[in-house]
Amino acid sequence: MRRPLLAVTVLLALLVLSAGAPELAYAQKSFKVGAIVPVSGPAAAFGLGCQRGLELAAEDVGVFTVAGEKYKLEVVTYDTVYAPDKTVAAINRAVYNDNVKYGVIIGAGVHPPILPIIRETGFLDFAFAAAGKQITNPENPTAFRIMASSDQLYQTYAVAIAEKLGGKRIAFLGPNDELGKNDAKAIKAEVEKLKAKGVSFVGDEYYERGARDFGPALLRLIAQKPDIIDTDGSPTGSIALIAKQARELGYTGYFVNSTAVLEAKAISDIAGKAGDNIIALRIWANPPTKLYTELAERHQKKWGEAAPGTLWETYGAARWLVDTIVKAGTFDTKKVAEALANSSYPNHPFGPASWGGEKTYGIKRQIVIPIPAAILKNGKWEPFDVKSGKFE
Amino acid sequence: MDLYLHLIAQGLAIGVLTGILYVLIALGLTLIYGILHIVNFAHGEIYMLGAMGVFYVYVVLKWPFAATLVVILVLSLLLGLVVERAFFRSLRGQWLQLVVASVGLSLIIQSLGWIAFGIQEKNVPSFFTGIVSFGGVRLPTERLIAAGVGAVLVVLLYLLVYRTKVGLAMRAIEEDEETARMLGINADRVAALACAVGFALAALAGAFVAPIYSLNPGMGGEAILMSFLIIIVGGLGSITGTVLAGLLVGVVQSVGAVLLGAEAAYGLVFVMMIVVLVVRPAGLLGRA
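Scoring rules and cut-offs
- Residues numbered from 1 in each chain as written.
- Chains lettered and ligands numbered in written order.
- Predicted model: local features only at pLDDT ≥ 70, side-chain atom pairs only at ≥ 80, totals over all residues.
- Helix = DSSP H or I, 4+ residues; strand = E, 2+ residues; numbered from the N terminus.
- Rg over C-alpha atoms; globule rule 2.2 N^0.38 Å.
- Buried ≥ 20, exposed ≤ 12 C-beta atoms within 10 Å, placed from the backbone.
- Contact = placed C-beta atoms within 7 Å.
- Pairing = 2+ DSSP bridges.
- Axes fitted to C-alpha atoms, helices over the stretch in contact; angles between N-to-C directions.
- Domains from an automatic or database assignment.
- Nonpolar A, V, L, I, M, F, W, Y, C, P; charged D, E, K, R; others polar.
- Parallel < 35°, antiparallel > 145°, perpendicular 65-115°, else oblique.
- Left-handed = near helix turned anticlockwise from the far one by under 90°.
- Core = buried A, V, L, I, M, F, W, Y, C linked by C-beta atoms within 7 Å.
- Expected span 1.5 Å × (residues − 1).
- Arc of directions from axis to C-beta.

Attention now goes to the overall build of chain B. Assigned secondary structure in chain B consists of 11 helices and two strands. Its helices and strands taken in sequence order, chain B reads α-α-α-α-β-β-α-α-α-α-α-α-α from the N to the C terminus. Whereas a compact globule of 288 residues would reach a radius of gyration of roughly 19 Å, chain B reaches 19 Å, a difference of no more than 12%. Scored against the burial criterion, the 288 residues of chain B give a buried share of 52%. Intrachain contacts of chain B at a sequence separation of at least 6 include 76% that bridge at least 24 residues.

Residues and elements named next belong to chain A. One open sheet accounts for seven strands, arranged S8-S7-S9-S10-S11-S14-S15; its pairing is mixed. Each edge of the open sheet carries a strand with a single partner, namely strand S8 (200-207) and strand S15 (380-383). This sheet shows a mean twist of 25 degrees between the axes of neighbouring strands, independent of strand direction. Relative to strand S10 (residues 254-257), strand S9 (residues 228-230) runs parallel, the two sharing three bridges. Across the sheet, isoleucine 228 pairs through a bridge with tyrosine 254, a residue of S10. Along the sheet face, helix H8 (residues 236-248) touches strand S7 (169-175), S9, S10 and strand S11 (278-281) and points at about 165 degrees away from the line of S10.

Okay, the domain arrangement of chain A next. Residue and element names in this part refer to chain A. Once the domains are mapped, chain A shows domain 1 (29-148 + 289-352) and domain 2 (151-281 + 373-383). Each of domain 1 and domain 2 has a C-alpha centre, and these two points are 29 Å apart. The interface of domain 1 with domain 2 comprises 11 residues on the first partner and 14 residues on the second. When the residues that make up the side of domain 1 that touches domain 2 are grouped by side-chain class, the tally is six nonpolar, five polar and no charged.

So, on to the packing of helix H2 (residues 43-60) of chain B against helix H9 (residues 219-234) of chain B. Residues and elements named next belong to chain B. Where H2 contacts H9, the axes come no closer than 7 Å and their chain directions differ by 130 degrees. As summarised for this structure, H2 and H9 are arranged oblique, according to the angle between their axes. Relative to H9, H2 is oriented so that their crossing is right-handed. Together, His43, Gly44, Glu45, Tyr47, Met48 and Ala51 of H2 and Met219, Gly220, Gly221, Ala223, Ile224 and Ser227 of H9 make up the contact between the two elements. Residues of the contact of H2 with H9, tallied by class, amount to six nonpolar, five polar and one charged.

Attention now goes to the nonpolar core. Core analysis: the biggest nonpolar cluster contains 222 residues, and Val104 of chain A together with Ala51 and Ala194 of chain B have the highest contact counts within it. Counting residues per element, this core draws most heavily on helix H8 (residues 187-209) of chain B, which supplies 18 residues. Looking at which domains feed residues into this core, each of domain 1 (29-148 + 289-352) and domain 2 (151-281 + 373-383) of chain A supplies at least three. Aside from chain neighbours lying at most four places away, what touches alanine 194 of chain B is Leu31, Ile32, Ile35, Leu36 and Met170 of chain B.

Further remarks concern the environment of isoleucine 224 of chain B. Residues and elements named next belong to chain B. Here isoleucine 224 lies in helix H9. C-alpha separation for the pair isoleucine 224 and threonine 164, spaced 60 residues apart in sequence, amounts to 29 Å. The residues contacting isoleucine 224, other than those within four sequence positions of it, are Phe41, His43 and Gly44.

Time to look at the pairing of S15 of chain A. Residues and elements named next belong to chain A. Relative to S15, strand S14 (residues 373-377) runs antiparallel, the two sharing four bridges. What sits directly across from alanine 374, in S15, is proline 383. Between S14 and S15, which pair antiparallel one after the other, the connecting turn spans two residues, and asparagine 378 there sits at a positive phi close to 50 degrees.

Attention shifts here to unusual backbone geometry. For asparagine 277 of chain A, which is not glycine, the phi torsion reads 70 degrees and is therefore positive. Locating asparagine 277 of chain A in the fold gives a position in the loop between helix H9 (264-271) and S11. Since 18 C-beta atoms lie within 10 Å of it, asparagine 277 of chain A is described here as partly exposed. Look at lysine 62 of chain B: it is not a glycine, yet its phi comes out positive at around 60 degrees. Position of lysine 62 of chain B relative to the elements: it lies in the loop between H2 and helix H3 (65-91).

Residue and element names in this part refer to chain A. The end-to-end C-alpha separation of helix H3 (residues 84-97) is 19 Å, in line with the 20 Å expected for 14 residues at 1.5 Å each. Those residues of H3 that sit buried are Thr87, Ala90, Ile91, Ala94 and Val95. When H3 is viewed along its axis, its buried side chains cluster within an angular range of 120 degrees and face the same direction. Looking at H3, the residues exposed on the side facing more than 90 degrees away from the buried face are Asp85, Tyr96 and Asn97. Where H3 is buried, its residues contact strand S1 (29-37), strand S3 (69-79), strand S4 (102-106) and helix H4 (111-121).

On to the interface of chain A and chain B. Contacts between chain A and chain B engage 34 residues on the former and 32 residues on the latter. Residue composition of the side of chain A that touches chain B, grouped by class: 17 nonpolar, eight polar and nine charged.

So, on to helix H11 (residues 311-328) of chain A. Residue and element names in this part refer to chain A. In a regular helix each residue adds 1.5 Å, so 18 residues correspond to 26 Å; H11 covers 26 Å between its end C-alpha atoms and thus fits that length. Within H11, 13 of the 18 residues are buried, which leaves the element mostly enclosed by the surrounding structure. Positive phi shows up at glycine 329, right after H11, with a value of about 70 degrees.

Residues and elements named next belong to chain B. Examined against the element boundaries, tyrosine 4 turns out to sit in helix H1 (residues 3-36). Classification of tyrosine 4 as exposed rests on a count of 11 C-beta atoms within 10 Å. Once the C-alpha coordinates of tyrosine 4 and tyrosine 58 are considered, the two residues, 54 residues apart in sequence, prove to be 42 Å apart.

Take a look at the structure:
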């Protein structure tokens, strides 16, 4: 008697499940956003930050409606290992195999080979990349840079920082890739503006990404007696070692870090007091918004560590994108790109955001958000009160 | 001292100290290749695990440093034995399969590393802070100590390979495994020991380098390139060659950077490798 009862129960359960399953499956469609980022290799921290930013955004967006259909944001990750060839393979897989039309792509260096694919397919690229015109120009109307560009950072801050610190001799130490070369040019152009005031550019050196010994490069720069060494987008681990090794060689001046997002505790752990007087752009000494604080707390709770620097801008961009798609009522990337370019977004974790850069790049595809400056003192970021210039 | 001469002297000092660190990292790799003829791509990850071991045992659990070293030594020896038994033994003599197996192992360890250790850079506080100055040439104490440890490990490895019965057995296997077996040498056991010692050297290198650099699970990948370069230039399997090549690479890179810039110096190291291999295809002290 027991067996038939069990069989009936199982059958009933299966019937209930099979009846309910289609309803659940079709309750909402999936809106896929690619995280085309490094999640392994030396740059994995950047990529995981973006991936997590998208995941938090997906949680907060929930279900949304476009043209009468319900959708849910789904994050699809493609590991690029921060290498151009792997990024080409990743975007091809995303676009042609998985029909992903939107995504965050990390790295100025990986962008040149994928831009033709982006142009051809109309893929809407949220470029998490510094550098400048190589990505943002009228030929790439679906490429939106969601972090401050190098031009933006140097144009708004380089002169102001040099003047505030009274620095007369400025040197550059950056990675030997697209970003480093571009940014060295950008800072040279800005220093040129201060020539009349006795400020000069005294030398540039480049290192292989992932390097841990900067002594030889620093030696050459320090011999030029700089007051400020601009370290470009050197990530936390690199700038901490640069500062430590530079102080060991007797350097007492300032460091400026433009495009990276640095972690104060990690720098302080690695470099100790040698990390003092690193000035970083894009770092908030005090949280700018309530959302910023909430995200930091959620990240800590969910992943058990401090939020990586790439999280905020990715989160903001994803929320902004969904808002725009809902308003535009379409997933057509070209129409969405137009709508996005003409929109602004008040709820970015950094504060009100819009798109700019028309004068510099010939197209409004550069995010314009509040850019802070902070200086590291005793292992903590303190606000660095410097009046930024204008970026157009 | 003239500024230019001072720069070269400082560059030379940095180069020698960096070179010894390179040697420290490459030693285990050269031992495993020398005895087992295995190009162990997972060597960098064992180095990373050694460094992370110091972070978790010494910094997080606050064990004494000596106890930390013992833990790392024991675990890395065991890991070497396990990997040799599970992967390397059945593939011995099959070069391509071994390369694939060790690359796979490297990727597995690194990927697990990102999951287990997280993405934030980690740091081990310096055991020895301060600067030692010789005639204006500044040398960080922690690097001097690490270089000293490197030198001691080189000597110990040399004594193991050239002055002990086990070392004799290792060299016999390297020379001709079949004949060594016929002479009663338990080749499997000796190979397992060589693998374990190679792993331990990599992990100890990570442990001593940890306070000098910052740590992340990708650090092994960065170290392995230079290690391969050094053992190739030195002559595959030659301990003395590894030492010479490590110092040479460190000095060329450092003095080259002073004279030509860091970017050019990086290329210069590879030019040097090509020149060495053209003149001596088996490396500085390698056997053809």
